[in-house]
2 protein chains.
Amino acid sequence: MSLPKPPLKQLEKSFGYTFKNRDALTQALTHRSAAAKHNERLEFLGDSVLGIIISEALFEQFPNIDEGDLSRMRATLVCGRSLAKLAQRFELGKFLVLGPGEMKSGGHRRESILADAVEALLGAMYLESDLNTCREVVLNWYSKQLAGIKPGASHKDPKTRLQEYLQGRQRALPIYEVVATQGQAHNQQFTVSCQVDGLEQPIRGTGTSRRKAEQHAATEALEQLIQQDNS
Amino acid sequence: MSLPKPPLKQLEKSFGYTFKNRDALTQALTHRSAAAKHNERLEFLGDSVLGIIISEALFEQFPNIDEGDLSRMRATLVCGRSLAKLAQRFELGKFLVLGPGEMKSGGHRRESILADAVEALLGAMYLESDLNTCREVVLNWYSKQLAGIKPGASHKDPKTRLQEYLQGRQRALPIYEVVATQGQAHNQQFTVSCQVDGLEQPIRGTGTSRRKAEQHAATEALEQLIQQDNS
């Protein structure tokens, strides 16, 4: 049913831990679509393990930062997108055990499936080791992100912030449109216009991807809106 | 500014742990209204400590129960109300350090303040001990609740349960109405009436938010309905 997989040793190397209980390792990689013995219970446990490790790390790293900022930073670090990025670093998709439907539809690339499997692996590791072992492994995954994270900076992306600002004021949602692309395949420049309820002119943003261009336009639009609404 | 408090030894006895760091103990009991060095950071940490202990306990106690039921049981055990009940068992209200405003308005009885302080104490204990020590203390608090908890039993909120009960019997849905509000902005008391198909009198509930008042009314209404329908 499943494609040939690379040896699990490869995964353990990038993950940073060698599992003693091979059955638990396999279970942690098994999506509910593939077998009755799937990874959701391990994910439940791993989620809490991740929570305490990241909470403690932030608590120690930022001795003078209040609970609100700590919570926001934690949310950024443990969100599905962050975990899916870790999964990509481990090339976890190659090792997932998926049912035929999920396999066909690209489940091994789906962020939520990847993120859940990272937590499940952490759960399986915790069961056979202890919190100290898990802490060492997890802080190693997060070393760069922890070194770069800052309290106070908004941990929501600009498009989300713009949307929430407008929704909070019962205004229409922004409309994004690509108005120009320049350059060749690997070196493109996108220009996006963002039409915002409450601003006379559409705002333009540029970037090396459509998404980045939209984020830049949203940042600028939000600044203009706030300035205008406060004046 | 504060009333004379009983010796902290009393609290430590019912809590089940003697703190080495007395400053941290005091900080864990200090609400943000009272001092700059308050308990919110410790609460942030304690929340994660509680999460992993309860998750692990449920994971082990219910080896064949799926993640959904485990999550619902965890939510029941760590919710504000459960923590506030623990706080009442510890008579925590007597030891809280509150600002003058909170003191006047009965903050030492408020569920959210009590629940937060329990988590903060747990955070302080974790910082000076380890997960094993915390686990022992916490599982002792929860021994009865863990012995009694059942997967599948309703961990739904009372309004949902009332609604489902009525729908299952083809009765009209309940009608909630705020009939009184008392107090000022940050310390309001809501009284809600809940009219239920099958009960002669509307049921009243009170709470510090409209939602809580409705939940209390729904709990009471459901109890009366079940009693009546079974008699």
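An unreviewed UniProt entry annotates chain A as Ribonuclease 3 of Pseudidiomarina andamanensis. Quoted verbatim from the Subunit (unreviewed entry) field of UniProt, the annotation for chain A is "Homodimer." Heading Subcellular location (unreviewed entry) of the UniProt record for chain A holds this comment: "Cytoplasm".

Time to look at the overall build of chain A. The number of helices and strands found in chain A is 11 helices and 3 strands. The N-to-C order of helical and strand elements in chain A reads α-α-α-α-α-α-α-α-α-α-β-β-β-α. Principal-axis analysis of the C-alpha atoms places the extent of chain A at approximately 60 × 45 × 35 Å. Split into buried and exposed, the 231 residues of chain A put 44% on the buried side. Within chain A, residue pairs in contact and separated by at least 24 positions form 57% of the contacts whose partners lie at least 6 positions apart. Within the structure as shown, chain A displays about 12500 Å² of accessible surface, and the carbon and sulfur contribution to it stands at 49%. For chain A, the distance from the average site of its 29 positive side-chain charges to the average site of its 27 negative ones is 7 Å.

On to the sheet that holds strand S3 (residues 203–207) of chain B, then. All names here are of chain B. Spatially, the 3 strands line up as an open sheet ordered S1-S2-S3, and their pairing is antiparallel. Two strands in the sheet have a free side with no partner beyond their single neighbour: strand S1 (175–182) and S3. Across this sheet, the average inter-strand angle for adjacent strands is 25 degrees, counted without regard to direction. Direction of pairing for strand S2 (residues 189–195) relative to S3: antiparallel, over a ladder of 5 bridges. From the neighbouring strand, Val192 faces S3, where its bridge partner is Gly205. With respect to the sheet, helix H11 (residues 210–229) is in contact with S1, S2 and S3, its orientation differing from that of S3 by roughly 145 degrees.

Residue and element names in this part refer to chain B. Computed from the structure, the largest pocket encloses a volume of approximately 850 Å³. Together, 24 residues line the largest pocket, and Cys79, Arg81, Ser82, Asp157 and Pro158 are the ones closest to its centre. Breaking the lining of the largest pocket down by element, the ones donating at least two residues are helix H4 (67–78), helix H5 (80–89), helix H7 (111–128), helix H10 (158–168) and H11. Among the elements that take part in the lining of the largest pocket, H11 stands out by supplying 5 residues, more than any other. Class assignment of the residues belonging to the lining of the largest pocket gives a composition of 6 nonpolar, 10 polar and 8 charged. Residue assignment places the lining of the largest pocket across two domains, with domain 1 (8–148) and domain 2 (158–229) each supplying three or more. Roughly 400 Å³ of volume is contained in the second largest pocket.

In this section: the UniProt feature "active site" (unreviewed entry) in chain A. UniProt tags Asp47 and Glu119 of chain A as "active site" (unreviewed entry). Taken together, the annotated residues stretch across 73 residues yet fold into one region, lying no more than 5.6 Å apart by C-alpha. Relative accessible area serves as the criterion here: at 35%, Asp47 of chain A is assigned to the partly exposed category. Ignoring sequence-local partners within four residues, the contact set of Asp47 of chain A consists of Glu119 of chain A together with Arg74 of chain B. On the secondary structure map, Glu119 of chain A appears in helix H7 (residues 111–128). Among all residues touching Glu119 of chain A, those that are not within four sequence positions of it are Leu42, Glu43, Gly46, Asp47, Leu50 and Leu83 of chain A.

Residues and elements named next belong to chain B. Backbone geometry places Glu91, a non-glycine residue, at a positive phi of 50 degrees. Of note, Glu91 is situated in the loop between H5 and helix H6 (100–104). Classification of Glu91 by relative accessible area gives partly exposed; the value is 45%. Although it is not a glycine, Gln170 adopts a positive phi angle of roughly 50 degrees. Tracing the chain through its elements places Gln170 in the loop between H10 and S1.

A few words now on H11 of chain B. Side chains that are three or four residues apart share a direction in an α-helix, a result of its 3.6 residues per turn. Between its first and last C-alpha atoms H11 of chain B spans 28 Å; for 20 residues at 1.5 Å apiece the expected length is 28 Å, and the two agree. For H11 of chain B, the secondary structure elements touched by its buried residues are H10, S1, S2 and S3 of chain B.

What follows deals with the interface of chain B and chain A. If you look at the interface, chain B gives 26 residues, while chain A gives 26 residues. Three residues, Arg41, Phe44 and Phe59 of chain B, lead the burial of chain B against chain A; their summed loss comes to 37% of the area buried on that side. Here chain B and chain A share 0 salt bridges between them. The tally of links between chain B and chain A comes to 14 residue pairs in polar contact (both at pLDDT 80 or more). For the side of chain B that touches chain A, the secondary-structure elements that each account for two or more residues are helix H3 (40–61), H4, H7 and helix H8 (131–141) of chain B. When grouped by side-chain class, the residues that make up the side of chain B that touches chain A number 13 nonpolar, 5 polar and 8 charged.

Rules of the game
- Residues numbered from 1 in each chain as written.
- Chains lettered and ligands numbered in written order.
- Predicted model: local features only at pLDDT ≥ 70, side-chain atom pairs only at ≥ 80, totals over all residues.
- Heavy atoms only, no water.
- UniProt positions renumbered as here; feature names shortened; annotations may be inferred.
- Helix = DSSP H or I, 4+ residues; strand = E, 2+ residues; numbered from the N terminus.
- Buried < 20%, exposed > 50% of the residue type's maximum accessible area, 1.4 Å probe, protein only.
- Contact = heavy atoms within 4.5 Å.
- Areas by Shrake-Rupley, 256 points an atom, 1.4 Å probe, with all protein chains shown as cover.
- Lys, Arg positive; Asp, Glu negative; His and termini not counted.
- Charge placed at Lys NZ, Arg CZ, Asp CG, Glu CD.
- Pairing = 2+ DSSP bridges.
- Axes fitted to C-alpha atoms, helices over the stretch in contact; angles between N-to-C directions.
- 1 Å grid on protein atoms, 1.4 Å probe; cavity = no way out; pocket = protein on both sides within 12 Å on 5 of 7 lines; lining within 4 Å.
- Points joined across faces, edges and corners; volume = space filled by probe spheres on them.
- Nonpolar A, V, L, I, M, F, W, Y, C, P; charged D, E, K, R; others polar.
- Domains from an automatic or database assignment.
- Expected span 1.5 Å × (residues − 1).
- Buried area = accessible area lost by both parts, 1.4 Å probe.
- Salt bridge = Lys/Arg side-chain N within 4 Å of Asp/Glu carboxyl O.
- Polar contact = N/O pair within 3.5 Å; in protein donor to acceptor, adjacent residues only side chain to side chain.

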